[in-house]
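Coordinate analysis (summary)
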Amino acid sequence: MPRVHLLPSELINQIAAGEVVERPASVVKELVENSIDAGARTIDIILENGGRKRIEIRDDGHGMSREDALLAIERHATSKIRAFDDLTRVRTLGFRGEALPSIASVSHFTLTTSDGSAADATEVDCDPYTGRRELRPAARDRGTTITVRELFENVPARRKFLRSADAEFRSIVSVVSSYALPLPGRAFRVEHNGRTVLDLPPAADARERALQIIGRDAAPHLEEIDTEIAGIRATGFVTRGLRFGSRRNQFFFVNGRLVKDRVLTHAANRAAEAFDFDGHPAIVLFLEMEPETVDVNVHPAKTEVRFRDSGSVHVAVEQGIKRALGGAEEGSGLLTHDAALAPAPPLLFSPQRYDVPAPFAASAEFTPLFRGDTSVVQPPRFAQSATVPSATSVEVEEAPAPNLGDLRGRVIGQYRLSYILVDTPGGLRLVDQHVAHERVLYDRYFARVGQVTAAQQLLTPILYDAGAAESAVLESHLDELRAVGFDIERFSGKAFAIAAVPRDLVRGDVDAFLRKLIDASLEERSSHLTHVREKVCASLACQAAIKVHRPLSGDEMARLVAELLDSSNPYACPHGRPIIVDIRHLDIERHFHRK
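Residues numbered from 1 in each chain as written. Predicted model: local features only at pLDDT ≥ 70, side-chain atom pairs only at ≥ 80, totals over all residues. Heavy atoms only, no water.

Focus on the confidence of the model for the protein
- Of the residues in the protein, 75% have a pLDDT of 70 or more, and the chain-wide mean is 78.
- For the stretch residues 525-529, pLDDT sits under 50, and the model shows nine contacts to residues farther than four places along the chain or on other chains. (pLDDT = per-residue confidence, 0-100. Contact = heavy atoms within 4.5 Å.)

See the structure below:
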């Protein structure tokens, strides 16, 4: 008996599905691409349980005849190419002919389609276990509906690696939002568990569509990209003066195809780094070039490309973004302008809880804060009440004195207005004031979850206009946001109304907090309630904590170190960053040749 044998067609399709279909978002990507190629003006995506239970794509494209419908679910059946040379001139999003048979091999798959030429539509059912296909007439207008149920039910090893329903749902919203960007004249709608969560009607132009996806808060910051170098045209938009904590709002398209490419990412980073801002700008970039100069047949999922002249592409992208941002000279002016408009930073890390001692001046010499023979950090007295910066007074309960544990020392000053210096028996300890306060606040917020939480009512509600993917994240986190002190409701469309915020968060920090939370959530694989609470509390603590380059008084530093030592983990912040760095006295002595 020969050792080499041909694989059965069902197994071949399942292997191909592993390359093309990784998760529900991959299914949506492939099917939406087919709808776009079919000329659909309206595309509806209906989901159940994050797409794990059901994905249905409905479009009003040109549809298929009975014969084409049967061929479409055969491997490598396509209307997009006929010869090898066609691969060098591909303009459509799909062309390999692998998506439909691959999806049908790992799900209960139904295709219903009509090209308007016959009285009845055609419906094809595919059984993933037997490979049997059932053909029957159906009722449908011109267009196509594809239903995918119980994805990977027949491949349990693949199904167990799927993310949570919330994570899969967020990924699908992100995919649909991305594909809507280059097609402002088309409508996209996503329904999840019977509720519309994304509704993108046709936009007037590319700028309007970009704001639908990124959020209308970006409108005053959105600058146009338009440059051409060596036959490569780069157009689109970049936010000037508005940055995000991740690259989630960066989209790159090559001849209308959404791609992930290191050349494009590196060029965008180089352009943005020329301006001394933290974070990442939102970028919507469309590259147009001759099809022969780019290979789109690099990866089965068609998300990667290979450029014939990557150097020219890099220059076109980098220069296009730099010009939109104003160039290096104007960029320096922007920094000065922004700094002049920024409000003066608060000097206290928790004005609601502590007395207001005079802060250190930036040029002050450090002196010991506590004299005598004690080596324990001595906290000052607690305040019974304080005034909030918004002129709203709140009464705060007296907190118990912290348990300092075995970590003892004497605060001796502040290094570069960012690190607290502590003299310990073992040597010199540096404490990062921002992440230290972040740890203290995180423990405080997490302990309050499930309790009656004091919130700061706003005189006028904040209207947060979220982007398409952002709105899905916030919707899934509303209960946990309310648990830590937010009064937040969906207002209309993608907008949310916020009538109250946690008392440690000032009004001007709300947008930044929500962006941090969204950044942390978009890649989250789990939807367990505890993880959601952790993300909300960690993002809130990070935003409310004192920042670096902030002068602190001696009492403030001592109080912060004392509370840190009484926290659940004084060595790491909720995001995993170190808080304390110790320099041994022995190493200091050796450095000065005393040992």
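The rest of the description comes next.
What about the packing of aromatic side chains?
- Here the structure, examined in full by the defined rule, presents four aromatic pairs.
- A ring pair is formed by Y415 and Y419, whose centres lie 6.5 Å apart and whose planes are at 35 degrees; its orientation type is tilted.
- Relative accessible area serves as the criterion here: at 40%, Y415 is assigned to the partly exposed category. (Phe/Tyr/Trp six-rings, centres within 6.5 Å; stacked < 30°, edge-to-face > 60°. Buried < 20%, exposed > 50% of the residue type's maximum accessible area, 1.4 Å probe, protein only.)

Examining helix α12 (residues 468-483)
- With 16 residues, α12 should cover 22 Å at 1.5 Å per step; its first-to-last C-alpha distance of 24 Å lies within 8% of that length.
- The sharpest bend along α12 comes to roughly 60 degrees, located at H477.
- Judged by how many residues are buried, α12 sits mostly within the fold: twelve of 16 residues are covered.
- The complete set of buried residues in α12 reads A468, A469, E470, S471, A472, V473, L474, H477, L478, E480, L481 and A483.
- A positive backbone phi angle near 120 degrees is found at G485, which sits one or two residues after α12. (Helix = DSSP H or I, 4+ residues; strand = E, 2+ residues; numbered from the N terminus. Expected span 1.5 Å × (residues − 1). Bend = angle between axes of the 7 residues up to and from the residue.)

Notes on the sheet that holds strand β4 (residues 121-126)
- As summarised here, the arrangement of the eight strands in space is β5-β4-β3-β6-β2-β1-β7-β8, forming an open sheet in which the pairing is mixed. The two strands at the open ends of the sheet, each matched to only one other strand, are β5 (133-138) and β8 (195-200). Sheet twist, expressed as the mean angle between neighbouring strand axes with direction ignored, is 10 degrees.
- By the bridge criterion, five bridges tie strand β3 (residues 108-114) to β4 in an arrangement that is antiparallel. Looking at β4, one finds that F109 is bridged to C126.
- Packed onto the sheet, helix α2 (residues 24-37) meets β1 (42-48), β2 (54-59), β6 (143-149) and β7 (187-192) and runs at close to 10 degrees relative to β2. (Pairing = 2+ DSSP bridges. Axes fitted to C-alpha atoms, helices over the stretch in contact; angles between N-to-C directions.)

Brief notes about the sheet that holds strand β11 (residues 250-254)
- With respect to topology, five strands assemble into an open sheet ordered β9-β10-β13-β11-β12, the strand pairing being mixed. Two strands in the sheet have a free side with no partner beyond their single neighbour: β9 (222-229) and β12 (257-258).
- With eight bridges joining them, β9 and strand β10 (residues 232-244) adopt antiparallel strand pairing. Within β10, the residue paired with T227 across the bridge is A234.

Brief notes about the pattern of salt bridges
- Per the stated rule, a full pass over the model turns up 32 salt bridges.
- Its salt-bridge partner being D432, residue R577 comes within 3.6 Å of it at the nearest N-O pair. In this pair, R577 is assigned in the loop between α15 (554-565) and β24 (580-584) and D432 in strand β20 (residues 427-432), connecting sequence segments 145 residues apart.
- Looking at R577, the relative accessible area reads 43%, which means it is partly exposed.
- One salt bridge in this structure joins R559 and E563, with 3.7 Å as the shortest N-O distance. (Salt bridge = Lys/Arg side-chain N within 4 Å of Asp/Glu carboxyl O.)

Focus on the packing of helix α8 (residues 262-273) against helix α9 (residues 310-325)
- In contact at an axis separation of 8 Å, α8 and α9 are set at 35 degrees when each is read in the N-to-C sense. The crossing of α8 and α9 is right-handed. Two secondary-structure elements touch here, α8 through V263, L264, H266, A267, A268, R270, A271 and A272 and α9 through S310, V313, H314, V317, E318, I321, K322 and L325.
- Per-class residue counts for the contact of α8 with α9 are ten nonpolar, three polar and three charged. (Left-handed = near helix turned anticlockwise from the far one by under 90°. Nonpolar A, V, L, I, M, F, W, Y, C, P; charged D, E, K, R; others polar.)

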